[in-house]
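# Per-entry structural report
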Amino acid sequence: MTTSITFSGMRIAIIGAGIMGCASALELRKRGADVVLLERAIPGAEASSAAAGILGAQMESHGPGPLVDLFIRARSAYRAWTDELRETTGIDCGYRPTGVLRVEYTEKDAKILRDLAGWQAAAGLRAEVVDAKRARAIEPEVAEDVVLGAYFPDDHQVDPPQLLRALVAATSRAGVEVRSGVTVERVVVEHGKCVGVAIAGSSEKELRADAVVLAAGSWSSLVPGAKDAFAEVRPVRGQIVQLEERPPKLRTTVIGAGAYAVPRGDGRVICGSTLENAGFRREVTAAGVQSILNGTLKLAPSLGAATMAATWSSFRPHVTGDAPLIGKSDLPGLFLATGHYRNGILLAKITADAVADAIFQK
Ligand SMILES: Cc1cc2nc3c(=O)[nH]c(=O)nc-3n(C[C@H](O)[C@H](O)[C@H](O)COP(=O)(O)OP(=O)(O)OC[C@H]3O[C@@H](n4cnc5c(N)ncnc54)[C@H](O)[C@@H]3O)c2cc1C
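One structure accompanies this document, and this report is about it.

Criteria and thresholds
Residues numbered from 1 in each chain as written. Predicted model: local features only at pLDDT ≥ 70, side-chain atom pairs only at ≥ 80, totals over all residues. Heavy atoms only, no water. Helix = DSSP H or I, 4+ residues; strand = E, 2+ residues; numbered from the N terminus. Rg over C-alpha atoms; globule rule 2.2 N^0.38 Å. Buried < 20%, exposed > 50% of the residue type's maximum accessible area, 1.4 Å probe, protein only. Contact = heavy atoms within 4.5 Å. Areas by Shrake-Rupley, 256 points an atom, 1.4 Å probe, with all protein chains shown as cover. Lys, Arg positive; Asp, Glu negative; His and termini not counted. Charge placed at Lys NZ, Arg CZ, Asp CG, Glu CD. Near = heavy atom within 4 Å. Polar contact = N/O pair within 3.5 Å; in protein donor to acceptor, adjacent residues only side chain to side chain. Nonpolar A, V, L, I, M, F, W, Y, C, P; charged D, E, K, R; others polar. Axes fitted to C-alpha atoms, helices over the stretch in contact; angles between N-to-C directions. Parallel < 35°, antiparallel > 145°, perpendicular 65-115°, else oblique. Left-handed = near helix turned anticlockwise from the far one by under 90°. Pairing = 2+ DSSP bridges. 1 Å grid on protein atoms, 1.4 Å probe; cavity = no way out; pocket = protein on both sides within 12 Å on 5 of 7 lines; lining within 4 Å. Points joined across faces, edges and corners; volume = space filled by probe spheres on them. Phe/Tyr/Trp six-rings, centres within 6.5 Å; stacked < 30°, edge-to-face > 60°.

## Quick look at the overall build of the protein
Regarding its fold elements, the protein presents eight helices and 17 strands. Computed over its C-alpha atoms, the radius of gyration of the protein comes to 21 Å, within 12% of the 21 Å expected for a compact globule of 362 residues. Dimensions of the protein, computed from the C-alpha atoms along their principal axes, are close to 65 × 45 × 40 Å. Within the protein, the fraction of its 362 residues that count as buried is 57%. For the protein, the share of sequence-separated contacts (at least 6 apart) that also reach a separation of at least 24 residues comes to 72%. Surface accessibility of the protein: about 15200 Å² in total, with carbon and sulfur atoms responsible for 52%. Across the protein, the 41 positively charged side chains and the 40 negatively charged ones have centroids separated by 1 Å.

## Description of the site of the ligand
Contacts to the ligand come from 37 residues, most closely from E39, S48, I54, Y341 and R342. Residue A47 places a main-chain N or O atom 3.2 Å away from an oxygen atom belonging to the ligand. When the free accessible area of the ligand is taken as 1000 Å², the share hidden by the protein chains comes to 98%. Mapped onto the shell around the ligand, the elements with two or more residues apiece are α1 (19-30), β2 (34-39), α2 (47-50), β11 (233-244), β15 (307-319) and α8 (344-360). Looking at the shell around the ligand residue by residue, the classes come out as 20 nonpolar, twelve polar and five charged.

## Here's the deal with the packing of helix α3 (residues 66-89) against helix α6 (residues 160-173)
When two helices pack together, their arrangement is given by the angle between their axes and by how far apart the axes lie. Remark: α3 packs on α6, axes separated minimally by 9 Å, with the N-to-C direction vectors making an angle of 60 degrees. In this view, α3 runs oblique relative to α6, as classed from their interaxial angle. Judged by the sense of rotation from one axis to the other, the crossing of α3 with α6 is left-handed. Only L163, A166, L167, A169, A170 and R173 of α6 make contact with α3, whose side of the interface consists of Y78, W81, T82, L85, T88 and T89. Within the contact of α3 with α6, the residues separate by chemical class into eight nonpolar, three polar and one charged.

## Concerning the packing of α1 against α6
Interaxial distance between α1 and α6 falls to 9 Å at its minimum, and their mutual angle equals 35 degrees. Between α1 and α6 lies a crossing of left-handed hand. Facing α1, whose interface residues are I19, C22, A23, A25 and L26, α6 presents L163, L164, L167, V168, A170 and T171. Split into classes, the residues belonging to the contact of α1 with α6 amount to ten nonpolar, one polar and no charged.

## A few points about the sheet that holds strand β8 (residues 193-199)
If you trace the three strands from one edge of the open sheet to the other, you get β7-β8-β9, paired in antiparallel fashion. Only two strands of the sheet have a single partner each, and these edge strands are β7 (184-190) and β9 (206-208). Within the sheet, the average angular offset between the axes of one strand and its neighbour, ignoring direction, is 35 degrees. As defined by bridge partners, β8 adjoins β9 across three bridges and the pair is classed as antiparallel. Directly across from V197, in β9, lies its bridge partner L207.

## Some words on empty space enclosed by the protein
Under the criterion given, the structure shown has one cavity of 30 Å³ or more. The volume enclosed by the largest cavity comes to roughly 30 Å³. Forming the boundary of the largest cavity are A23, L26, E27, K30, W81, K349 and A352. Broken down by element, the lining of the largest cavity gets its largest block of residues, four residues, from α1. Partitioning the lining of the largest cavity into residue classes produces four nonpolar, no polar and three charged.

## Comments concerning the sheet that holds strand β3 (residues 100-104)
With mixed pairing, eight strands are arranged side by side in an open sheet as β4-β5-β3-β12-β13-β14-β11-β15. Each having just a single partner strand, β4 (128-131) and β15 make up the two edges of the open sheet. Averaged over neighbouring strand pairs, the angle between their axes works out to 20 degrees when direction is ignored. Of the strands in this sheet, β3, β4 and β5 (148-152) are in contact with helix α4 (residues 107-122), which crosses β5 at around 30 degrees.

## What to know about the packing of aromatic side chains
Tallied over the entire structure, the rule returns four aromatic pairs. Ring geometry for W219 and F280: centres 5.3 Å apart, planes at 20 degrees, overall stacked. Of this pair, W219 sits in the loop between β10 (211-214) and β11 while F280 is found in the loop between β14 (268-272) and α7 (286-299), placing the two residues 61 residues apart along the sequence. Given the relative accessible area of 14%, W219 is considered buried.

Here it is in C-alpha cells:
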C-alpha cells in the first residue's frame, strides 16, 4: 500500500496546463494543497492533445535501465487512473488494451526485434517474436512483405484529447483554480528562492506561492528567471495524419518503416509521426505527410482506402539524454514536470505523484 503525503494549507502555483500541469494539480489538490493552475492559452490544447496516445512502455524501451522501470511503473498505474477519471467526470479517456505490433521488412532489421524481445522477455515482460504468419493473425491488415514482428500485448493506448478533457474537468471539480489566458512572465526569485510567479496583463502582478511547478512543456526554458535551474528543454515537432476507415479494419497499433498507426476502434486511425527540429513552426508539411503516409501504407496497405480526416502538429519537450525533468530543480522552491519528449502521456500520472512527493519533502 502506498501512503500519500498530504500538505493542507500550502499554496502551489503551476505554470502550464498540459497533461503534466493538470495531472500535478489534481494530485497536489487531492493531498490538500491550494493549487492555482496558470495556462496562457487553452488547458490541454498543446502537445498533450496532439499525441497519438500510445502507452508504449515496451515499444519505447531500447535496453534495460532505470527509464524502462519508470515506463513500466507508469503503464501499470494507467488503467486505474483513467477509470478514476471516468468515474469522477463521466468522460471516457479512450483506454484500450490494443497491444503494439512492431514489424520489420528485412532480415537485418529483424535482428533488432529479436534482441529487443529477447531482453524484455528475460526481464519478465511479455514480448513475443512473431513470424509473418503470426503477425498477420494478430493484425490481419499488416503488410504481406513483413519478415518478422515483435508483439507487446501490454502496451495499450488512450485517446489524448478525451483524456485531457477528463483531466481538466477533474482538476477543476477537485477545487483547483484553473486560470486560462494567463501567461506567466517570469518566476519570482527572492534571496535565492522561488517565491511565486509574475503574471502578464493582470492587476495581480505577482502570485506568491510556497512552491512553483514548471510544467510549460516545450516552452519551459523560455520562462524567464528559471532557465538556469535545469537542463534546456527544446521543441521537437511531430506531425500527425488522422485517417478514417469505414468500416474500421485495423485493430492493433502497428509500428515500423518509420511510422505508426493507432486505431481508435471507431474508424479513426492516428498515423504519425515526424521528429523535426523546426523550432516552434507549426506547419504540417507536404514532406511530413508524405513520409507518414508512405510509412503507414507500407505497414497496413488497406489504409490506402481510408479518407484523410485531419492533420496537425505540435512540439515534444526534449531534454538532451531523453530523461524527463521531474521533481526538484537547482532553484529552491521551483519544481519540474517537463521534458517528457515522446512519452509524456505515458508518464503523466507517475510524474504527478513524484512532483507531489518532492514538494512535501522540500
Ligand atoms: C505528434 C506527437 C505524438 C505524441 N505521441 C505520444 C504518444 O503516443 N505517447 C506518449 O506518451 N507521448 C506522446 N507524445 C508526447 C507527449 O504529447 C508530450 O510529452 C506531453 O504532452 C507533454 O506534456 P506537457 O504538459 O509537458 O506539455 P504541453 O501539453 O505542451 O503543455 C504545456 C502547456 O504550458 C503552457 N505554457 C507554456 N508557457 C507558458 C507560460 N509562460 N505561462 C502559462 N502557460 C504556459 C502551454 O500553453 C501548454 O498548454 C507525442 C507528442 C507529439 C507532438
